[in-house]
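Topology and contacts: notes
Listed here are the chains, written in short residue letters.
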Amino acid sequence: MYDSVSDIRRFLSHFGPIHHHPTSGNVKGFPEFHVVYRDGKENRYKDYRGANRLSRLQWHSDVTYEKQPPSTTFFWILDQPTVGGDTLFASQVEAYNRLSPEFRKRLEGLRAVHSAVYQANFSRDRGGVVRREPVETEHPVVRVHPVTGEKALFVNEGFTRYIVGFKKEESDFLLNFLYDHIAKGADFQIRARYEPGTVAIWVSCLFRLSWKIGC
């Protein structure tokens, strides 16, 4: 039983150093906890994504611009609406496996740039926090799990900007194909519905993209 934020932090530290998000709100004195909040008066999501609806379909994987992205993420809800608030998760391993063998060969060796610049500028322009200057990092389009050897796609609309060495139109075409492939793979997606005490845990940078619905 964990009775305090300090207890939870001690538990999470068993998995390795805890990531400090460069721009998010957090619990005072506990920078490791990324707080996501929205209500009927909060329009930051609309400003950030340019969305006029309650939700917008854009899959993402958290902070993939980091040189060493976090391996595991813990997510839980303190309060939620009576309707909505679900999260969809997609397996990047299975998304890779569903591609044809020849197409998979074409992806081997490709690298893509992931950028934190837009996120940092958005926060700075609105008087928000920027704890460190944004980074841009190259990562393989296909990552390999260091233990299991499983291969997974590693691109997402939130932070992946372009494929290294490709013309813009070539990069956009290939990335948009992969985004569409992931978004439409309903049979390798799951929907998490939350109740009090529910905790979602995922390997966030090799296997997971998420879309938060109506929250």
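Each chain carries its own residue numbering, running from 1 in the written order of its sequence. Local features in this predicted model are restricted to residues of pLDDT 70 or higher, and side-chain atom pairs are both shown and tallied only at a pLDDT of 80 or more, whereas totals for entire chains, interfaces and linings draw on every residue. Processing note: side-chain calculations cover all non-hydrogen atoms of the structure and skip hydrogens and water entirely.

Looking at the pairing of strand S4 (residues 87–91)
In this scheme, a residue with accessible area under 20% of its type's maximum is buried, one over 50% is exposed, and one in between is partly exposed, where area comes from a 1.4 Å probe on protein chains only. The helix count covers DSSP runs of H or I at least four residues long, the strand count covers runs of E at least two residues long, and both are numbered beginning at the N terminus. Where burial is concerned, most of S4 is hidden: four out of the five residues are buried. Of the pairings in the sheet, the one linking S4 to strand S10 (residues 189–192) comprises four bridges and is antiparallel in character. Bridge pairing in S10 links leucine 88 to arginine 191. Here, any two strands with at least 2 DSSP bridges between them count as paired.

Brief notes about helix H5 (residues 117–125)
Inspection of H5 places Gln119, Ala120, Phe122 and Ser123 among the buried residues, and these make up the whole buried set. The buried residues of H5 all sit within an arc of 160° when viewed along its axis, so they share a single face. Glycine 127 sits one or two residues past H5 and shows a positive phi near 75°. It is the directions from the helix axis to the C-beta atoms whose arc is reported.

A word on the sheet that holds strand S9 (residues 160–163)
Strand order in the open sheet formed by three strands is S6-S5-S9, and the pairing between neighbours is antiparallel. Of all strands in the sheet, those with a lone pairing partner are strand S6 (136–140) and S9, marking the two edges. Averaged over all pairs of adjacent strands, the angle between strand axes in this sheet comes to 30°, irrespective of strand direction. As paired elements, strand S5 (residues 111–115) and S9 share three bridges and run antiparallel to each other. Looking at S9, one finds that histidine 114 is bridged to threonine 160. The convention used is that axes are lines fitted to C-alpha atoms, helices contributing only their stretch in contact, and that angles between N-to-C directions extend from 0 to 180 degrees.

Let's talk about the pattern of salt bridges
Within this document, salt bridges are pairs made up of a side-chain nitrogen of Lys or Arg and a carboxyl oxygen of Asp or Glu, the two lying within 4 Å of each other. The final tally for this structure, using the stated rule, is 12 salt bridges. The partner of arginine 98 in a salt bridge is aspartate 187, and the shortest N-O contact between them spans 2.8 Å. With a gap of 89 residues between them, arginine 98 in the loop between helix H3 (92–97) and helix H4 (101–107) and aspartate 187 in the loop between helix H6 (168–183) and S10 connect regions that are remote in the sequence. Across the pair glutamate 133 and arginine 124 runs a salt bridge, and its minimum N-O distance is 3.1 Å. What emerges from the salt-bridge pattern is a single network uniting Asp86, Arg191 and Arg193.

So, unusual backbone geometry
With glycine set apart, most residues show a phi of negative sign, and most peptide bonds adopt trans. Non-glycine residue valine 63 carries a positive phi angle of around 40°. With respect to the helices and strands, valine 63 occurs in the loop between helix H2 (44–49) and strand S3 (72–76). Owing to a relative accessible area of 4%, valine 63 belongs among the buried residues under this scheme.

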